[in-house]
Amino acid sequence: MALSLIYDLPLSELTTLLDSWNEPEYRALQVWQGLYQHFWVSLEQFTNLPIALRHKLDTEFSFNALSPVSILRSSDKQTVKTLFKLHDGLAIEAVLMRYEKRRTICISTQVGCAMGCVFCATGQMGFRRHLSSGEIVAQVMHYARLLHDEGDVITNVVVMGMGEPFHNYENTLAAIDRLNDAEGYNFGARRFTISTVGLVLAIRRFTLEKRQINLAISLHAADDALRSSMLPVNKAYPLDEILNACRDYTLTTGRRITFEWALVNGINDTPEQAHLLAGKLKGLLCHVNAIPLNPTKGYGGEPTTQRHANLFKKILNEYGIPCTIRLRRGMDIQAGCGQLASKD
Ligand code: SAH
Ligand code: SF4
């Protein structure tokens, strides 16, 4: 049987467990700080713990959630994509993107994805399983350690890798809470962004929780027929239901929402779609993040042109809707949005 993963435990559970082992109270915090402040990965590094306790932890827990099996660097060295093997042999990917000041990592929440968006490599591979909270946490800690060794730190975490985070709601939020823990990694909720395909019930639940985490919604089309042809989940949660939930979110939390839009040449980068979208977003506290489609094997659509992208943005701006055309990152290593799919 596979050992439990140490990153799956919140501090409270670790404390209860060590207490049941008759360890003094401060031990749990020592383990916790070793993991989340010193980024130790092997029990040998926990030299502040008695050997007997280290052995016991070693027999109960795995400290090694992810084995990096391949590391790809983009030609400009600014983007690093790591493929990790999980304990059951399945694989996931996580990406580090260096900008001028920001160090953003993009993490996965599932192996594959059940949502089947036609333009997405992860969707094309289908769903294998959810990641545990610890497997999500471990991706962040991997890059935290790597940057720490360079005297650097992660500034932002985007939950935009493989999988649909709101299909794995509990584990995703538990992972963020764990990374947020002030006694541990202490990574502010405001520096996380969760991106969802638009699972309405989960958006509503998230709204009620009134968290500081940023929310992004993958929209990609401004009418149901087009959206359903690109994102099959739209048949279950049509556009207006999603936008109603988004409106409630902004009203309840006072927070701006980001809408994501992969611009596909001649499909959703047209002036008609831009006008339609502007109408739908009227009065909603939001921002549109458009990105030229990243090509994937299973989808014939092509990226928009610079001219169409600029026109799309200009139309939204005329309605007072802020829109950014994002840079595509890591294209040469298949690390762009929607290009993550482990070949196993
Ligand atoms: N499942 C979540 C998060 C992971 S996908 C979601 O769908 O929001 C992260 C982002 O990449 C989403 O906005 C998604 O629509 C987008 N994306 C997927 N495939 C893409 C592609 N081929 N080119 C550009 N963006 C893509
Ligand atoms: Fe899943 Fe997001 Fe890809 Fe759609 S775009 S298949 S929801 S990972």
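The sections below set out a description of the structure shown in this document. (Residues numbered from 1 in each chain as written. Chains lettered and ligands numbered in written order. Predicted model: local features only at pLDDT ≥ 70, side-chain atom pairs only at ≥ 80, totals over all residues. Heavy atoms only, no water.)

**Digging into the overall build of the chain**
Step number 1: Counting its secondary structure elements, the chain contains 11 helices and 14 strands.
Step number 2: A globule of 344 residues ought to have a C-alpha radius of gyration of about 20 Å, and the chain, at 21 Å, matches this closely.
Step number 3: Taking the principal axes of the C-alpha coordinates as reference, the chain spans close to 70 × 45 × 35 Å.
Step number 4: Burial statistics for the chain: of 344 residues in total, 54% are counted as buried.
Step number 5: Here the contacts in the chain between residues at least 6 apart in sequence split such that 67% fall between residues at least 24 apart. (Helix = DSSP H or I, 4+ residues; strand = E, 2+ residues; numbered from the N terminus. Rg over C-alpha atoms; globule rule 2.2 N^0.38 Å. Buried < 20%, exposed > 50% of the residue type's maximum accessible area, 1.4 Å probe, protein only. Contact = heavy atoms within 4.5 Å.)

**Observations concerning the side chain of Ser74**
Step number 1: The residue Ser74 is located in the loop between β3 (67–73) and β4 (79–85) in this model.
Step number 2: A distance of 2.5 Å separates the side chain of Ser74 from the side chain of Asp76, its partner in a polar contact.
Step number 3: For Ser74, the contacting residues outside a window of four places in its chain are Thr79, Gly330, Asp332 and Ile333. (Polar contact = N/O pair within 3.5 Å; in protein donor to acceptor, adjacent residues only side chain to side chain.)

**Quick look at the sheet that holds strand β14 (residues 323–325)**
Step number 1: Spatially, β3-β4-β5-β6-β9-β10-β11-β12-β13-β14 is the arrangement adopted by the 10 strands of the open sheet, whose pairing is mixed. Strand pairing shows two members of the sheet lacking a second neighbour, β3 and β14, which therefore form its edges. This sheet shows a mean twist of 20° between the axes of neighbouring strands, independent of strand direction.
Step number 2: This element, helix α5 (residues 133–149), spans β3, β4, β5 (91–98), β6 (103–106) and β9 (156–159) of the sheet and lies at about 40° to β5. (Pairing = 2+ DSSP bridges. Axes fitted to C-alpha atoms, helices over the stretch in contact; angles between N-to-C directions.)

**Re the site of ligand 2**
Step number 1: Inspection of the region around ligand 2 gives Cys113, Met115, Gly116, Cys117, Cys120, Gly123, Gly163, Glu164 and Val197 as its neighbouring residues.
Step number 2: Here the shell around ligand 2 is composed, by residue class, of 5 nonpolar, 3 polar and 1 charged. (Near = heavy atom within 4 Å. Nonpolar A, V, L, I, M, F, W, Y, C, P; charged D, E, K, R; others polar.)

**Details of the environment of Gln45**
Step number 1: Within the secondary structure layout, Gln45 lies in the loop between α2 (26–36) and α3 (51–60).
Step number 2: On the basis of relative accessible area, Gln45 is assigned to the partly exposed category, the value being 34%.
Step number 3: For the pair formed by Gln45 and Met125, sequence separation is 80 residues and the distance between their alpha carbons is 38 Å.
Step number 4: In terms of polar contacts, Gln45 uses its side chain to reach the backbone amide nitrogen of Val41, at 2.7 Å.

**Some points on the environment of Thr324**
Step number 1: By secondary structure assignment, the location of Thr324 is in strand β14.
Step number 2: Setting aside residues up to four positions removed in sequence, Thr324 forms contacts with His287, Val288, Asn289 and Ala290.
Step number 3: In this structure the side chain of Thr324 is engaged in a polar contact, spanning 2.7 Å, whose partner is the side chain of His287.

**Overview of the pairing of strand β13 (residues 286–292)**
Step number 1: Burial runs high along β13: 7 of the 7 residues are buried.
Step number 2: Sheet analysis places strand β12 (residues 257–263) next to β13, joined by 7 bridges and oriented parallel. In the sheet register, Thr258 faces β13, and the bridge partner there is His287.
Step number 3: As for the winding sense of the linkage, the β-α-β connection from β12 through helix α10 (residues 271–280) to β13 is right-handed.
Step number 4: As defined by bridge partners, β13 adjoins β14 across 3 bridges and the pair is classed as parallel. Residue pairing for β14: Ala290 is matched across the bridge by Ile325.
Step number 5: Once the chain exits β13 it traverses helix α11 (residues 306–318) before rejoining the sheet at β14, and the crossover so formed is right-handed. (Right-handed = clockwise from strand over helix to strand, strands pointing away.)

**Describing α10**
For an α-helix, 3.6 residues make a turn, and residues three or four places apart therefore share a direction.
Step number 1: Those residues of α10 that sit buried are Gln273, Ala274, Leu277 and Ala278. Along the long axis of α10, the arc covered by the buried residues comes to 135°, so they all point the same way. (Arc of directions from axis to C-beta.)

**Let's talk about the pairing of β4**
Every regular strand shows the same layout, with side chains that alternate between the two sheet faces.
Step number 1: The buried count for β4 comes to 6 of 7 residues, which makes it a mostly enclosed element.
Step number 2: Direction of pairing for β3 relative to β4: antiparallel, over a ladder of 6 bridges. Bridged to Pro68 within β4 is Phe84.
Step number 3: Bridging between β4 and β5 involves 7 bridges; their strand directions are antiparallel. Its bridge partner being in β5, Phe84 is matched across the sheet by Ile92.

**Thoughts on the site of ligand 1**
Step number 1: Around ligand 1, the surrounding shell holds 19 residues, and the nearest of these are Phe119, Ser195, Ser218, His220 and Asn294.
Step number 2: At 3.1 Å from a nitrogen atom of ligand 1 is found a side-chain nitrogen or oxygen belonging to Glu164.
Step number 3: Within the contact set of ligand 1, a nitrogen atom lies 2.8 Å away from a backbone nitrogen or oxygen of Asn294.
Step number 4: Against a free-state accessible area of 530 Å², the protein chains account for coverage of 95% of ligand 1. (Areas by Shrake-Rupley, 256 points an atom, 1.4 Å probe, with all protein chains shown as cover.)

**Quick word on the packing of α5 against helix α6 (residues 169–180)**
Packed helices, taken two at a time, are described by the angle their axes make and the gap between the axes.
Step number 1: Two elements in contact, α5 and α6, have axes whose closest approach is 8 Å; the angle formed by their N-to-C orientations is 45°. Here α6 runs oblique to α5, going by the angle between their axes. The interaxial crossing formed by α5 with α6 has right-handed handedness. On α6, the residues touching Ser133, Gly134, Ile136, Val137, Val140 and Met141 of α5 are Asn171, Thr172, Ala174, Ala175, Arg178 and Leu179.
Step number 2: By residue class, the composition of the contact of α5 with α6 is 7 nonpolar, 4 polar and 1 charged. (Parallel < 35°, antiparallel > 145°, perpendicular 65-115°, else oblique. Left-handed = near helix turned anticlockwise from the far one by under 90°.)

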